[in-house]
Amino acid sequence: MTPLNLTFIGSGDAFSSGGRLQSGIFIEKQTHGLLLDCGATLLTGLQRCGLSSNQIDSIAISHLHGDHFCGIPFLFLDALYVSNRIKPLHIFGPPDTERRVIDACRVFYPGALDGPFPFTVEYHVLENKKTTSHDFFTISTFAVSHGRHSVASALKVEIAGRTIAYSGDTQWNDSLIEVAKGSDLFICECLSYNEPNPGHLDYLTLKQHLIDLETDRIILTHTGPAIDQNRQLIDLEIAHDGLQLQL
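The rules behind these values
- Residues numbered from 1 in each chain as written.
- Predicted model: local features only at pLDDT ≥ 70, side-chain atom pairs only at ≥ 80, totals over all residues.
- Heavy atoms only, no water.
- Helix = DSSP H or I, 4+ residues; strand = E, 2+ residues; numbered from the N terminus.
- Buried < 20%, exposed > 50% of the residue type's maximum accessible area, 1.4 Å probe, protein only.
- Polar contact = N/O pair within 3.5 Å; in protein donor to acceptor, adjacent residues only side chain to side chain.
- Contact = heavy atoms within 4.5 Å.
- Core = buried A, V, L, I, M, F, W, Y, C linked by side-chain atoms within 4.5 Å.
- Expected span 1.5 Å × (residues − 1).
- Arc of directions from axis to C-beta.
- Pairing = 2+ DSSP bridges.
- 1 Å grid on protein atoms, 1.4 Å probe; cavity = no way out; pocket = protein on both sides within 12 Å on 5 of 7 lines; lining within 4 Å.
- Points joined across faces, edges and corners; volume = space filled by probe spheres on them.
- Nonpolar A, V, L, I, M, F, W, Y, C, P; charged D, E, K, R; others polar.
- Right-handed = clockwise from strand over helix to strand, strands pointing away.

1. Thoughts on the side chain of His 146
With respect to the helices and strands, the residue His 146 is situated in the loop between strand E8 (137-143) and strand E9 (153-159). Residue His 146 is classed as buried on the basis of its relative accessible area of 7%. In this structure the side chain of His 146 is engaged in a polar contact, spanning 3.2 Å, whose partner is the side chain of His 65. At a separation of 2.8 Å, a polar atom in the side chain of His 146 contacts the main-chain carbonyl oxygen of Gly 199. Those residues in contact with His 146 that lie beyond four places of it in its chain are His 63, His 65, Ala 152, Asp 169, Thr 170, Gly 199 and His 200.

2. Quick word on the nonpolar core
If you look at the biggest cluster of nonpolar residues, it comprises 26 residues, and the most contacted ones within it are Leu 35, Ile 56, Ile 59, Ile 72 and Phe 76. Going through the elements one at a time, helix H1 (42-48), helix H3 (72-81), strand E5 (89-93) and helix H4 (97-108) are the ones with two or more residues in this core. Per element, the largest residue contribution to this core is five residues, and it comes from H3. Leave out the neighbours within four places in its chain, and Phe 76 touches Leu 89, Ile 91, Val 101, Cys 105, Leu 113, Phe 117, Phe 119, Val 121 and Tyr 123. By size, the runner-up hydrophobic cluster in this structure holds 24 residues, among which are Ile 27, Leu 36, Ile 159 and Leu 243.

3. Things to note about H3
The buried fraction of H3 is high, at seven of ten residues. Taken together, the buried positions of H3 are occupied by Ile 72, Pro 73, Leu 75, Phe 76, Asp 78, Ala 79 and Leu 80.

4. As for H4
Taking 1.5 Å of rise per residue, twelve residues should cover 16 Å, and H4 covers 16 Å from first to last C-alpha, within 8% of that figure. Buried residues of H4: Thr 97, Val 101, Ala 104 and Cys 105, and no others. For H4, the angular spread of the buried residues around the axis is 100 degrees, confining them to a single face. In H4, the exposed residues that point more than 90 degrees away from the buried face are Arg 106 and Val 107.

5. Side note on the sheet that holds E9
By way of backbone hydrogen bonds, the strands of a sheet pair with one another, either parallel or antiparallel. Strand order in this open sheet of seven strands is E7-E8-E9-E10-E11-E12-E13, and the pairing throughout is mixed. Where the open sheet ends on each side, the last strands, each with one partner, are strand E7 (131-134) and strand E13 (237-238). Pairing geometry for E9 and strand E10 (residues 162-166), over five bridges, is antiparallel. Among the inter-strand pairings, Val 157 is bridged to a residue of E10, identified as Ile 164.

6. What about the layout of surface pockets?
In this model, the largest pocket occupies a volume close to 210 Å³. Taken together, 13 residues line the largest pocket, and the ones lying closest to its centre are Ile 102, Leu 113, Asp 114, Phe 117 and Tyr 123. Looking at the lining of the largest pocket, the elements that each hand over two or more residues are H4 and strand E6 (121-125). With four residues, the top contributor of residues to the lining of the largest pocket is H4. Here the lining of the largest pocket is composed, by residue class, of eight nonpolar, two polar and three charged.

7. Here we look at the pairing of strand E11 (residues 185-189)
For E11, the tally of buried residues reaches five of five residues, placing the bulk of the element in the interior. Residue alternation in E11 divides its side chains into two sets, Leu 185, Ile 187 and Glu 189 and Phe 186 and Cys 188, and both sets are buried. Relative to E11, E10 runs parallel, the two sharing three bridges. Bridging from a neighbouring strand, Ile 164 pairs with Leu 185 of E11. As a crossover connection, the stretch from E10 through helix H5 (residues 175-180) into E11 is right-handed. When E11 meets strand E12 (residues 218-221), the two strands line up parallel, connected through four bridges. Its bridge partner being in E12, Cys 188 is matched across the sheet by Leu 220.

What follows is the structure, given as structure tokens:
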């Protein structure tokens, strides 16, 4: 079976708690690369992990909050002025992803990222309860609960015979049972230890539902200070920036 390598480029929350970088999980199958979420600290994380932006063929965005998609303008900047990208980039995300990315580019670097680029950028809409197939992977999308003004999804990615489930940002939602079912790995956000936050999971709530999650392995990400303070009480694996594993 073809090796599948995962790197947690960023495992922190929006506040970079504990010095952790913002969300970004790189999945690599030989010479093909898929990035799950793209926080604003992407380039820092890539360099720390010895990775190049040119290794990213596709990006899948769980929701349009800055710590999950605002690395894209910086990736464009790097592609134009550092890595000299020529191969296409595919961006998958909620409805309105293309407009929000373009708006962010215009705010961050007026005029510099207007194009045309020497590489093509293709946007693909991820719709709830639908599976999207592309190149070397498929993505299934499940609606979750993350604030009143955000279209947020959990993602189920199938690559090379392996299934990786990713919660995105959400408070407990029964969709997570369906997302995690049958997965080789469930990457689950866990912002706090025992204080439920609207739109986010805490460890004790997640622990109550572990029996429902039919997955081979769980790794917590998007962690906040309370997870650091209670680490000795947590039985599940906790991601850190630069964590690498093979499935």
